[in-house]
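The lines below spell out each chain.
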Amino acid sequence: MKKSELPQDESALVNFTREVCYVKNEEGNYQAELSTGWEVKTEALNSAWKDIEERIEEAKLSVKKGEKSPIYYFMELRLMDLTVLAGYTGFWKFQIKRHMKPAVFSKLSDKKLEKYAAAFDVELNELKNTQF
Amino acid sequence: MQEFRHNQTAHCENGVTVSLLKHHGVDFITEPLAFGLGSGLFYIHIPFMKVNNGPAISFRTMPGAIFKRTCKALNVDVDRRKFKSKIEAQKFLEQKIQDGEPVGCQVGVFHLAYFPKEYRFHFNAHNLIVYGKEDGRYLISDPVMETTTSLSPEELEKVRFAQGALAPKGQLYFPKSVGDISNETLRLAIKNAIKRNCRDMLRIPGGVAGVKGINYTAKKIRGWREKLGEKQAALYLGQIVRMQEEIGTGGGGFRYLYAAFLDEASTITGNKELLKISDKLTKSGDLWRDSALLMSGIYKGRLNSQKDYDDCANLLNEISKLEKEAFKELSKIKI
């Protein structure tokens, strides 16, 4: 890529930093240049976030319908998967899957719920009385 | 004691390597050189694994390898530690800071307070340098940023003990002692690093790594629209572009970085043939950018026919062929 072709598009990097890219200068040598972003990347990130928001909405709906416990919703909200959540809570993945059943969730001790609350960065109360 | 100087780079691990080595007096080190000596260029598409609900693809070698290999090639002794206990991890860091020794840390970005929210996924192989403490806050040199920043002890502990794939476990690392680096050491380092990179790109068995891996992804792309539906298939393409790009590396970023390394290697060794390979890698970087542009047409919803997916796949096949050619020629060059 030539120096003159380096995109300077709007991106989420604004107010954070510009990024270093290696480009060919007029003499045909490589040099580092700063870019504010590239639309192609911004759109990729946007489409990923759009999908995340849809997943969160779907999770909300399944909790409302009583199909899943709030743990499922908060896992999606915090962009986690079972591996990540298992890491933060210390539970096994199969235990977490069980805790996602509303009937099991309603019988969980506060001690166990505290672990989830800490992993999700919410108050215990928020986890127990999720209102949508 | 020498004052620490911040360096901004395209990629975080290159940046930590450059800054720490410079701090220890290795003045000639640059980002392309660190990347090349670490045999950083790679491609792998790990089958049956998902990252953030998309395909697991990487354009660079394993996390940690660049620092390790580059230091080893330059006869630099390295200390690297992981911790079970957060208290021990904190104690060790505090000691190093008091000694005036900047250290590299592997961290997760999800809880990284100064990162924009849009970039904060559960990605655990980010690298930064802690180089001091002021008013109870750790001074941070994050190589992807233009300036330095800071984190509270709680914030730093949270990212050092992020959870999930590649959990950092408080991992930190720093050069222990830097020996004499002669011109001959550097020449040999370049030679061996190139040899290793040729092996990684050409001769890993299994068909999912190196230039063969690019064809593997191409084959998958041809089937995604049918198999996953338009929506999911488009998201998968977006993921490829994002992996190519992880914060700090411009489109086809690593290909340009390797081309820049070959330029520098040519100057250092006096071998002009390396420039021809550098041109091929530049061309490959351009093609990767073209492929990203084409894929963006699909995830933006402008294109969505099977032919568009086939076009992306064809472009990847072309890239695979070009990189195969480049590394085959590179493996024949005598340095």
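Residues numbered from 1 in each chain as written. Chains lettered and ligands numbered in written order. Predicted model: local features only at pLDDT ≥ 70, side-chain atom pairs only at ≥ 80, totals over all residues. Heavy atoms only, no water.

## Some details on the overall build of chain A
When helices and strands are tallied, chain A shows 7 helices and 2 strands. For chain A, the N- to C-terminal ordering of α and β elements is β-β-α-α-α-α-α-α-α. Taking 132 residues into account, the globule formula puts the C-alpha radius of gyration at 14 Å, and chain A, at 22 Å, lies well above it. Counting only C-alpha atoms, chain A reaches 70 × 30 × 25 Å along its principal axes. Looking at the 132 residues of chain A, the share that counts as buried comes to 47%. Sequence-distant contacts, at least 24 apart, represent 45% of the contacts inside chain A between residues at least 6 apart. For chain A, the accessible surface area stands at approximately 7,300 Å², while carbon and sulfur atoms represent 48% of it. Here chain A carries 21 positive and 22 negative side-chain charges, and the mean point of each set is 12 Å from the other. (Helix = DSSP H or I, 4+ residues; strand = E, 2+ residues; numbered from the N terminus. Rg over C-alpha atoms; globule rule 2.2 N^0.38 Å. Buried < 20%, exposed > 50% of the residue type's maximum accessible area, 1.4 Å probe, protein only. Contact = heavy atoms within 4.5 Å. Areas by Shrake-Rupley, 256 points an atom, 1.4 Å probe, with all protein chains shown as cover. Lys, Arg positive; Asp, Glu negative; His and termini not counted. Charge placed at Lys NZ, Arg CZ, Asp CG, Glu CD.)

## A closer look at the domain arrangement of chain B
Residue and element names in this part refer to chain B. Domain boundaries in chain B define domain 1 (12–178) and domain 2 (183–332). Between domain 1 and domain 2, the C-alpha centre-to-centre distance is 24 Å. Of the roughly 3,300 Å² buried between domain 1 and domain 2 on both sides combined, carbon and sulfur atoms contribute 70%. Looking only at domain 1, the three residues that lose the most surface to domain 2 are Leu41, Tyr43 and Phe59, adding up to 24% of its buried area. (Domains from an automatic or database assignment. Buried area = accessible area lost by both parts, 1.4 Å probe.)

## Digging into the sheet that holds strand 5 (residues 126–134) of chain B
Residue and element names in this part refer to chain B. Ordered by their spatial adjacency, 6 strands build an open sheet running 3-8-4-5-6-7, and the pairing between neighbours is antiparallel. Every interior strand has two partners, whereas the edge strands, strand 3 (76–81) and strand 7 (149–151), have only one. Adjacent strand axes in the sheet meet at a mean angle of 40°, parallel and antiparallel pairs treated alike. Where strand 3 and strand 8 (residues 172–178) come together, 6 bridges link them in antiparallel fashion. Across the sheet, residue Val78 finds its bridge partner in strand 8, namely Pro175. Of the strands in this sheet, strand 3 and strand 8 touch helix 3 (residues 65–73), which is tilted by about 150° from strand 3. Most of the contacts of helix 4 (residues 86–98) go to strand 5, to which it runs at about 60°, and overall it touches strand 3, strand 4 (103–107), strand 5, strand 6 (137–141) and strand 8. (Pairing = 2+ DSSP bridges. Axes fitted to C-alpha atoms, helices over the stretch in contact; angles between N-to-C directions.)

## Some remarks on the domain arrangement of chain A
With domains assigned, chain A is organised as domain 1 (3–37) and domain 2 (51–122). On a C-alpha basis, the centroid separation for the pair domain 1 of chain A and domain 2 of chain A is 41 Å.

## A look at the interface of chain A and chain B
The interface of chain A with chain B comprises 37 residues on the first partner and 52 residues on the second. Of the roughly 3,800 Å² buried where chain A meets chain B, counting both sides, 61% is carbon and sulfur surface. It is Phe16, Tyr22 and Tyr30 of chain A that lose the most area in chain A upon contact with chain B, and together they represent 18% of the buried surface on that side. At the junction of chain A with chain B, the criterion picks out 6 salt bridges. In this assembly, chain A and chain B are joined by 15 residue pairs in polar contact (both at pLDDT 80 or more). Every element with two or more residues in the side of chain A that touches chain B is listed here: strand 1 (19–24), strand 2 (30–35), helix 1 (39–64) and helix 3 (82–89) of chain A. (Salt bridge = Lys/Arg side-chain N within 4 Å of Asp/Glu carboxyl O. Polar contact = N/O pair within 3.5 Å; in protein donor to acceptor, adjacent residues only side chain to side chain.)

## Focus on the pattern of salt bridges
Taken as a whole and assessed by the stated rule, the structure comprises 24 salt bridges over all chains. We note a salt bridge from Lys231 of chain B to Glu54 of chain A, for which the minimum N-O separation is 2.8 Å. Here Lys231 of chain B is found in helix 8 (residues 230–245), whereas its partner Glu54 of chain A is found in helix 1 on a different chain. Among the ionic pairs, Asp200 of chain B bridges to Arg69 of chain B, the shortest N-O distance being 4.0 Å. Residue Asp200 of chain B is located in helix 6 (residues 183–202), and its partner Arg69 of chain B is located in helix 3; the two are separated by 131 residues in the primary sequence. As far as burial versus exposure is concerned, Asp200 of chain B and Arg69 of chain B are alike and both buried.

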